[in-house]
Amino acid sequence: MGGIPSADRVLSGLDPEQCAAVTAPAGPVCILAGAGTGKTRAITHRIAYRALTGEISGRHVLAVTFTARAAAEMRARLAVLGASGVQARTFHSAALRLMRYFAPRLLDGRAMPELLESKARLVTLAASRAGVRADRTAARDLASEIEWAKSSLVEPAEYPVAAAKSTREPPYEPAKVAEVFAAYEHVKRANGVIDFEDLLRAAVWGIEEHPDVAEQVRTQYRHFVVDEYQDVNPLQQRLLDAWLGGREDLTVVGDASQTIYSFTGATSGYLIDFPRQRRNAVVVRLVRDYRSTPQVVGLANAVIRQARGAEARLRLELVGQRPPGPEPDLRIFPDEPAEAAGVAARCRQLIASGTPAREIAVLFRTNAQSEAYEEALAEAEVPYVVQGAERFFERAEVRQAVLALRAATRSTPSGRRWWRRSSRRSRPPAGSATSPRPVAPRASGGRRSPHLSRSRRSTWARRPSCRSARRPRSSGCHRSPTSWRSSSDGPHSSTRPRSKV
Ligand SMILES: Nc1ncnc2c1ncn2[C@@H]1O[C@H](COP(=O)(O)OP(=O)(O)OP(=O)(O)O)[C@@H](O)[C@H]1O
């Protein structure tokens, strides 16, 4: 049947817990949802149900996701459900939209400063001003520290204490990092640019310090949904609080066991504390896992059961809904090369027994690990493609290093012999670029740089008060943003696989 679904039809096909989440009354709702339990279904259906019953208008909904892709997925699902006008955006995209709209008012008609796509260049410059010669890796590590600090609402002078409290492992002495951080802010200001954290600060500043802006924003947005709430950082929470302005029509969805961005300042503390902070919150647990076999779900439960501390309170025991499958085979290897060789051998075995290579996936946690796996797969003559990243031996820096090595080793006979042996080993098998694709880390999100340009200092530099930030114990949130003008790679830069805007 075509056409726009009715509210009742939006409820059909939901399980009882999803239904409870969808029909929960206006007010704070906390959906604790394990992987594959239909959380996207629950939140999109909740928005659609409320819109179709006339309780809310889609135009007044702001749904915040962590990636541009998730936002697009949400918009597509909402369109199918007949909920129109909803803004589904990342925090950064929503902040950018707000700043663009209010720029004439907030910036006295001046253009927005340009948004830095990458912190690297300015961090390197700032480091040299602070007497640190930072190569690419060091600049990236420094940028990560700066990003963490800014996302945690930590100012340069506060960095050493905050870093110690958060058991960070800074790339240099904390005082030196603080110096680079301060120099970075200075260089950035001098260049008339802002970074991704500044963009969020700008939106906070715009709302907190300008009652007319706050009123207009809050008239527009009345109902809020935040996806992946376990990965929100103090700066994002501050912006959410500014949007809310004390109102409570907020649905958050998350899973404390899936927190993956603590190193960038994200904290599951907001999710964990949500039911305590909002006593009237409806809490719904989605535990039916529709994606995996009971065997895989059982293994996941066994791992999650190890969680201790605050996360353990919100631990979800998932129940697999799919027909049974094979038992997972857990093997432990002494080191990474041995593990990669073991994985490659298993792939070879599967292919030999008739499994098409395209049906085999090898997942690893970070792009840096691809080298070991690519070498092992090439060695075992298993055809592969790398998804979401360049093949190791095709990366510019690796090609450069290989050329340099080749030049160095060819100057001696033993070097020539070594080179012939090693290049045979590391060369991927012929034709592999077009072969099936097992190795699949997540892509590092390409971020588009919206064009902004320079602005005034005095009002932006005012420090908004700390009053509205709700802070969980572990947040590391010491201060509010000093100004919204301050810095590097988009949020969670080089280390972050999710695209923001
Ligand atoms: N009530 C249901 N009945 C049958 N299948 C369902 C139900 N709810 C969700 N699913 C299926 O489970 C899968 C996961 O759903 P969805 O994408 O909404 O979950 P998710 O929790 O957002 O996923 P993720 O783990 O990626 O966050 C989809 O294939 C969806 O069709």
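Up top is the structure these notes are about.
The structure presented is a predicted model; accordingly, all values stated were derived computationally and were not measured. Per chain, the residues get numbers from 1 upward, laid out in the order the sequence is written. Where totals are concerned, whole chains, interfaces and linings use all residues; where local detail is concerned, this predicted model gives features only for residues with pLDDT of at least 70, and gives and counts side-chain atom pairs only at 80 or more. Remark: hydrogens and water are excluded; side-chain values derive from all non-hydrogen atoms of the structure.

Chemist: Sorry, what's going on with the overall build of the protein chain here?
Modeler: The secondary structure listing takes helices from DSSP runs of H or I that are at least 4 residues long and strands from runs of E that are at least 2 residues long, numbered from the N terminus. A count of helices and strands for the protein chain gives 19 helices and 10 strands. Each residue's exposure class comes from its accessible area (1.4 Å probe, protein chains only) as a fraction of the maximum for that residue type: buried when under 20%, exposed when over 50%, partly exposed otherwise. Within the protein chain, buried positions represent 50% of all 501 residues. Accessibility throughout is a Shrake-Rupley quantity obtained with a 1.4 Å probe, and a residue counts as covered only by protein chains that appear here. Accessible surface for the protein chain amounts to roughly 23300 Å². Of this, 52% is attributable to carbon and sulfur atoms.

Chemist: For this particular structure, what's the right way to read the site of the ligand?
Modeler: Taken together, the neighbourhood of the ligand is formed by 13 residues, with Q18, G36, K39, T40 and R291 sitting nearest. In protein, a polar contact means a hydrogen-donor-capable atom and an acceptor-capable atom, both N or O and within 3.5 Å, with residues adjacent in sequence counting only if both atoms are side-chain atoms; elsewhere, any N or O pair within 3.5 Å suffices. At 3.4 Å, a side-chain N or O of Y290 approaches a nitrogen atom of the ligand. Contact with the protein chains hides 69% of the accessible area of the ligand, taken as 630 Å² for the molecule alone. Residue contributions to the shell around the ligand peak at three residues, all from helix α3 (residues 39–52). Across the shell around the ligand, the residue classes tally to two nonpolar, six polar and five charged. We call a residue near a molecule or strand as soon as one heavy atom of that residue lies within 4 Å of the molecule or strand. By the convention adopted, Pro, Cys, Tyr, Trp, Phe, Met, Ile, Leu, Val and Ala count as nonpolar, Lys, Arg, Asp and Glu as charged, and the other residues, Gly among them, as polar.

Chemist: Can you help me understand the packing of helix α16 (residues 336–352) against helix α17 (residues 370–379) in this one?
Modeler: Packed helices, taken two at a time, are described by their axes: the angle between them and the distance between them. For helices, the fitted line uses only the C-alpha atoms of the stretch in contact; every axis is such a line through C-alpha atoms, and the angle between N-to-C directions lies from 0 to 180 degrees. Two elements in contact, α16 and α17, have axes separated by 8 Å at closest approach and are oriented at 45°. Our classification of the angle between α16 and α17 gives oblique. Remark: the crossing between α16 and α17 carries right-handed chirality. Residues E336, E339, A340, A341, V343, A344 and C347 of α16 lie in contact with α17, whose contacting residues are A372, Y373, A376 and L377. For the contact of α16 with α17, the class distribution of residues is nine nonpolar, no polar and two charged. Roughly parallel means an angle under 35 degrees; roughly antiparallel, over 145; roughly perpendicular, 65 to 115; everything else is oblique. Each crossing is labelled by how the near helix is turned from the far one, with a counterclockwise turn of less than a right angle marking it left-handed and a clockwise turn marking it right-handed. Contacts between residues were defined by any pair of non-hydrogen atoms, one from each residue, lying within 4.5 Å.

Chemist: Help me out: how do you make sense of unusual backbone geometry in this one?
Modeler: Here L153, not a glycine, exhibits a phi torsion of approximately 60°, which is positive. With respect to the helices, strands and loops of the structure, L153 is situated in the loop between α7 (136–151) and α8 (159–165). Non-glycine residue E381 carries a positive phi angle of around 55°. Within the secondary structure, E381 sits in the loop between α17 and α18 (396–409). Residue classification places E381 among the exposed residues on the basis of a relative accessible area of 59%.

Chemist: In this structure, what is going on with the packing of aromatic side chains? I would like to understand it.
Modeler: Here the distance between the centres and the angle between the planes together describe a pair of aromatic rings. Ring geometry is summarised as follows: Phe, Tyr and Trp rings, the Trp one being its six-membered ring, pair when their centres sit within 6.5 Å, and such pairs are stacked at plane angles under 30 degrees, edge-to-face over 60 and tilted between the two. Scanning the entire structure with this criterion turns up seven aromatic pairs. Plain terms: the ring middles of F91 and W243 are 5.9 Å apart, the flat faces sit at 10° to each other, and that makes the pair stacked. Of the two residues, F91 is situated in helix α5 (residues 91–106) and W243 in helix α12 (residues 234–244); the sequence distance between them amounts to 152 residues. Classification of F91 as buried rests on a relative accessible area of 2%. The exposure class assigned to W243 is buried, which follows from its relative accessible area of 1%. With 6.4 Å between their ring centres and 20° between their planes, F224 and W243 make a pair best called stacked. Of this pair, F224 sits in strand β6 (residues 223–226) while W243 is found in helix α12, placing the two residues 19 residues apart along the sequence.

Chemist: So what exactly am I meant to see when it comes to the sheet that holds strand β2 (residues 61–65) here?
Modeler: Within a sheet, adjacent strands bond to each other through the backbone by hydrogen bonds, running parallel or antiparallel. At least two bridges found by DSSP between two strands is the condition for calling them paired. Across the sheet, which stays open at both edges, the six strands sit in the order β3-β2-β6-β7-β1-β8 with parallel pairing between neighbours. Either end of the sheet is taken by a strand with one partner, and the two such strands are β3 (87–90) and β8 (282–286). Each strand of the sheet is rotated relative to its neighbour by a mean of 15°, with strand direction disregarded. Bridge analysis of β2 against β6 gives four bridges, and the strand direction is parallel. Note that in β6 the partner of A63 across the bridge is V225.

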